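# Examination of the molecular architecture
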Amino acid sequence: MLSEKLLKTLNQQITHELYAAHLYISMAAYCDSIDLDGCANFFLQQAEEEKFHAMKLFHYISDRDGKIVIKALDNPHKEYESVLAVFEAALEHEKLVTNKIYDLMDIANKEREYATISFLNWYVDEQVEEEASFKSLIQKLKIAVKNESMLHMLDQELGQRVFTPPNLDEE
Ligand SMILES: [Fe+2]
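Residues numbered from 1 in each chain as written. Predicted model: local features only at pLDDT ≥ 70, side-chain atom pairs only at ≥ 80, totals over all residues. Heavy atoms only, no water.

## Digging into the coordination of the iron ion
Distances from the iron ion to its protein donors, Glu17 (OE), Glu50 (OE) and His53 (ND1), fall within 2.1 to 2.2 Å. For the iron ion, the single-chain donor residues occur in sequence as E-x32-E-x2-H. Separated by 36 residues along the polypeptide, Glu17 in helix H1 (residues 4-33) and His53 in helix H2 (residues 37-63) bring together distant segments of the chain. We note that Glu17, like His53, is buried. (Donors = N, O, S within 2.8 Å, 3.2 Å for Na, K, Ca; no water. Helix = DSSP H or I, 4+ residues; strand = E, 2+ residues; numbered from the N terminus. Buried < 20%, exposed > 50% of the residue type's maximum accessible area, 1.4 Å probe, protein only.)

Written out as structure tokens, the structure reads:
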């Protein structure tokens with residue numbers, strides 16, 4: 001049985017992951033408004049991945065016989081100065097999510113909740129990948145924004161991204 005505190009914080013993490021999806025859809029909308037359709041696709045795919053992160057928590061809470069609580073999301077609307085600013089804001093958001101995962105891990109460790117620690121390890125590894133991928137895209141974009149044909153090429157590359165969620169039942 002999950003403690004009340006751990007259950008509450010796991011449920012809050014569902015909201016954080018869904019908010020991340022919400023934020024990335026708003027970033028996709030900005031990219032769309034400046035005709036970077038590939039970047040828009042990248043953020044829409046990223047939003048799908050965040051939804052998967054949320055649903056993985058949903059299933060875990062259910063498997064542990066906890067009550068799932070879905071809350072309202074904040075308004076993600078924000079004006080961005082450039083496509084580079086969007087990717088930088090996305091990296092900052094991922095760092096925030098990493099801290100939330102660490103907070104959860106602290107609670108699980110304190111409670112010696114080994115099943116939850118094992119479950120959360122997946123998110124710890126995932127956050128390393130998310131931050132690394134945004135960092136490398138920011139590096140590429142910093143060069144590409146100075147050269148229109150490079151920006152076009154990078155946009156096309158990002159247009160290829162497709163997120164296929166692993167089957168949760170098979171895990
Ligand atoms: Fe996530």
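## Regarding the pattern of salt bridges
Opposite charge on two side chains makes pairing possible when the charged atoms of those side chains draw close. Here the structure, examined in full by the defined rule, presents four salt bridges. Among the ionic pairs, Glu49 bridges to Arg161, the shortest N-O distance being 2.6 Å. Within this pair, whereas Glu49 is found in helix H2, its partner Arg161 is found in the segment after helix H5 (148-158), the two being separated by 112 residues in sequence. Its salt-bridge partner being Glu157, residue Lys140 comes within 3.3 Å of it at the nearest N-O pair. Pair noted here: Lys140 is in helix H4 (residues 114-144) and Glu157 is in helix H5, with a separation of 17 residues, a long-range link. The exposure class assigned to Glu157 is partly exposed, which follows from its relative accessible area of 44%. (Salt bridge = Lys/Arg side-chain N within 4 Å of Asp/Glu carboxyl O.)

## Some details on the side chain of Glu113
Residue placement: Glu113 occurs in the loop between helix H3 (83-110) and H4. We classify Glu113 as buried; its relative accessible area is 12%.

## What about the packing of aromatic side chains?
Summed over the entire model, instances satisfying the criterion amount to 14 aromatic pairs. Geometrically, the ring pair formed by Trp122 and Tyr123 is edge-to-face, given 4.9 Å between the ring centres and 80° between the ring planes. Trp122 sits in the partly exposed class, given a relative accessible area of 28%. Taking the relative accessible area as the measure of exposure, Tyr123 reaches 1% and is therefore buried. Through pairs of rings, three or more aromatic residues link up here, namely Phe52, Tyr60, Phe119, Trp122, Tyr123 and Phe163. Its guanidinium or amino end placed over the ring of Trp122, Lys56 lies 4.5 Å from that ring's centre, counting from NZ or CZ. One Lys or Arg, Arg161, reaches over the ring of Phe42 and ends 4.7 Å from the middle of that ring. (Phe/Tyr/Trp six-rings, centres within 6.5 Å; stacked < 30°, edge-to-face > 60°. Lys NZ or Arg CZ within 6 Å of the ring centre and 35° of its normal.)

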